[in-house]
Amino acid sequence: MIVVVARLKVQAGKESVFETEAGKLIAHVKANEPGTVAYKLCRSQADATDYLFYEEYADPGAFATHGGSEPMAAFFGAAGGLLAGRPEITMFEMVAGKP
């Protein structure tokens with residue numbers, strides 16, 4: 001299982017637009033990516049401009065499908081004008097856990 005944690009800092013005042021764009025991507029993932037086991041958007045309790053995507057993929061193929069999707073490209077196209085810097089993306093391998 002592949003786990004991805006992506007942290008994104010959004011420009012102040014653009015949080016709502018960011019969440020709308022992220023919602024479009026999440027809807028696509030739910031409807032079209034069975035190999036994406038988990039795909040969650042989280043917002044910091046301390047800083048409303050600090051977001052985190054938590055993602056789990058069944059295998060490298062599922063990760064590639066997600067990364068190569070048109071909705072993913074559209075999201076990053078829209079998010080480019082909303083972010084306050086480059087996303088911080090870290091990839092992990094699942095070692096143990098609870099489903």
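Conventions and cut-offs
Residues numbered from 1 in each chain as written. Predicted model: local features only at pLDDT ≥ 70, side-chain atom pairs only at ≥ 80, totals over all residues. Heavy atoms only, no water. Salt bridge = Lys/Arg side-chain N within 4 Å of Asp/Glu carboxyl O. Helix = DSSP H or I, 4+ residues; strand = E, 2+ residues; numbered from the N terminus. Buried < 20%, exposed > 50% of the residue type's maximum accessible area, 1.4 Å probe, protein only. Pairing = 2+ DSSP bridges. Axes fitted to C-alpha atoms, helices over the stretch in contact; angles between N-to-C directions. Contact = heavy atoms within 4.5 Å. Phe/Tyr/Trp six-rings, centres within 6.5 Å; stacked < 30°, edge-to-face > 60°.

**A few points about the pattern of salt bridges**
For side chains of opposite charge, pairing can occur when their charged atoms come near one another.
Right, so step 1: Scanning all chains against the criterion turns up four salt bridges.
Right, so step 2: A salt bridge links arginine 7 to aspartate 50, with the shortest nitrogen-to-oxygen separation between them at 2.4 Å. On the criterion of sequence distance, the pair formed by arginine 7 in strand β1 (residues 2-9) and aspartate 50 in strand β3 (residues 50-57) is long-range, its members being 43 residues apart.
Right, so step 3: In this structure aspartate 50 comes out as buried when scored by relative accessible area, which is 11%.
Right, so step 4: Two residues, lysine 24 and glutamate 21, come together in a salt bridge whose shortest N-O distance is 3.1 Å. With lysine 24 and glutamate 21 both in helix α1 (residues 15-32), this residue pair falls three residues apart, about one helical turn.
Right, so step 5: Residue lysine 24 is classed as exposed on the basis of its relative accessible area of 51%.

**Thoughts on the sheet that holds strand β2 (residues 36-43)**
Right, so step 1: Strand order in the open sheet formed by four strands is β2-β3-β1-β4, with antiparallel pairing between adjacent strands. Bordering the open sheet on either side are β2 and β4 (88-93), each of which pairs with just one other strand. Taken pair by pair, the neighbouring strands of this sheet meet at an average axis angle of 15 degrees, ignoring direction.
Right, so step 2: Alignment of β1 against β3, held across eight bridges, turns out to be antiparallel. Its bridge partner being in β3, leucine 8 is matched across the sheet by tyrosine 51.
Right, so step 3: Sheet strands in contact with α1 are β1, β2 and β3, and its direction is about 170 degrees off that of β2.
Right, so step 4: Sheet strands in contact with helix α2 (residues 60-67) are β1, β2, β3 and β4, and its direction is about 135 degrees off that of β3.

**Details of the packing of aromatic side chains**
Right, so step 1: Enumeration according to the criterion identifies six aromatic pairs in this entry.
Right, so step 2: On the basis of an interplanar angle of 85 degrees and a centroid distance of 5.9 Å, the ring pair of phenylalanine 53 and phenylalanine 75 is categorised as edge-to-face. Taken together, the positions of phenylalanine 53 in strand β3 and phenylalanine 75 in helix α3 (residues 70-79) put the pair 22 residues apart, joining distant regions of the chain. For the pair phenylalanine 53 and phenylalanine 75, one class covers both residues: buried.
Right, so step 3: Here phenylalanine 75 and phenylalanine 76 contribute two aromatic rings whose centre-to-centre distance is 5.2 Å and whose plane-to-plane angle is 70 degrees, an arrangement assigned as edge-to-face.
Right, so step 4: Owing to a relative accessible area of 2%, phenylalanine 75 belongs among the buried residues under this scheme.
Right, so step 5: A connected cluster of aromatic rings, assembled from ring pairs, spans Phe18, Tyr39, Tyr51, Phe53, Phe75 and Phe76.

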